[in-house]
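Spelled out from the first residue to the last, the chains are:
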Amino acid sequence: MVDLIPTPDRPGLHVSKPSPNAPATGSAVCHCGAKATATGDSQVKALVEGYTANHGSAHGRTGR
């Protein structure tokens, strides 16, 4: 599963929740250089919403 974790060479978003009782974890790396991690269901939800709204395909490869 290591190859699913985003890196500067392979930007993206990764979320994991191994069981219903375990807290979610998430990490995000954007091609503009922004990075973030989160632990806990609500924090991971905020990470996904922020990444989706402001990074990834939300802006061009130039980081604008």
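Structure shown above.
Quick look at the structure, then. (Residues numbered from 1 in each chain as written. Predicted model: local features only at pLDDT ≥ 70, side-chain atom pairs only at ≥ 80, totals over all residues. Heavy atoms only, no water.)

**Some remarks on the sheet that holds strand 1 (residues 12–16)**
Note on sheets: strands pair through backbone hydrogen bonds, and any given pair is parallel or antiparallel.
Next, step 1: Strand order in the open sheet formed by three strands is 1-2-3, with antiparallel pairing between adjacent strands. Each of the sheet's edge strands pairs with one partner strand only, and the pair in question is strand 1 and strand 3 (35–39). For this sheet, the mean inter-axis angle between neighbouring strands, taken without regard to orientation, is 5 degrees.
Next, step 2: Of the strand pairs in this sheet, strand 1 and strand 2 (residues 25–29) are connected by five bridges, and their pairing is antiparallel. Looking across to strand 2, one finds that Val15 is bridged to Gly26. (Pairing = 2+ DSSP bridges. Helix = DSSP H or I, 4+ residues; strand = E, 2+ residues; numbered from the N terminus. Axes fitted to C-alpha atoms, helices over the stretch in contact; angles between N-to-C directions.)

**A closer look at the pattern of salt bridges**
Next, step 1: Scanning all chains against the criterion turns up two salt bridges.
Next, step 2: Residues Asp41 and Lys17 are paired through a salt bridge, measuring 3.0 Å at the closest nitrogen-oxygen approach. Of this pair, Asp41 sits in helix 1 (residues 41–54) while Lys17 sits in the loop between strand 1 and strand 2; the two residues are 24 residues apart in sequence, bridging distant segments of the chain.
Next, step 3: Residue class for Asp41 comes out partly exposed when judged on its relative accessible area of 42%.
Next, step 4: We classify Lys17 as partly exposed; its relative accessible area is 37%.
Next, step 5: Here Lys45 and Glu49 are joined by a salt bridge, their closest N and O atoms 3.8 Å apart. Linking Lys45 with Glu49, this pair stays in helix 1, spanning four residues, or about one helical turn.
Next, step 6: Lys45 gets classed as exposed once you look at its relative accessible area, which sits at 53%. (Salt bridge = Lys/Arg side-chain N within 4 Å of Asp/Glu carboxyl O. Buried < 20%, exposed > 50% of the residue type's maximum accessible area, 1.4 Å probe, protein only.)

**Some thoughts on the pairing of strand 2**
Next, step 1: Burial of strand 2 is extensive: four of the five residues sit out of reach of the surface.
Next, step 2: As paired strands, strand 2 and strand 3 are joined by five bridges and run antiparallel to one another. Residue pairing for strand 3: Gly26 is matched across the bridge by Ala38.
Next, step 3: Taking the residues between adjacent antiparallel strands as the criterion, strand 2 and strand 3 are bridged by five residues, where Gly33 takes a positive phi near 110 degrees.

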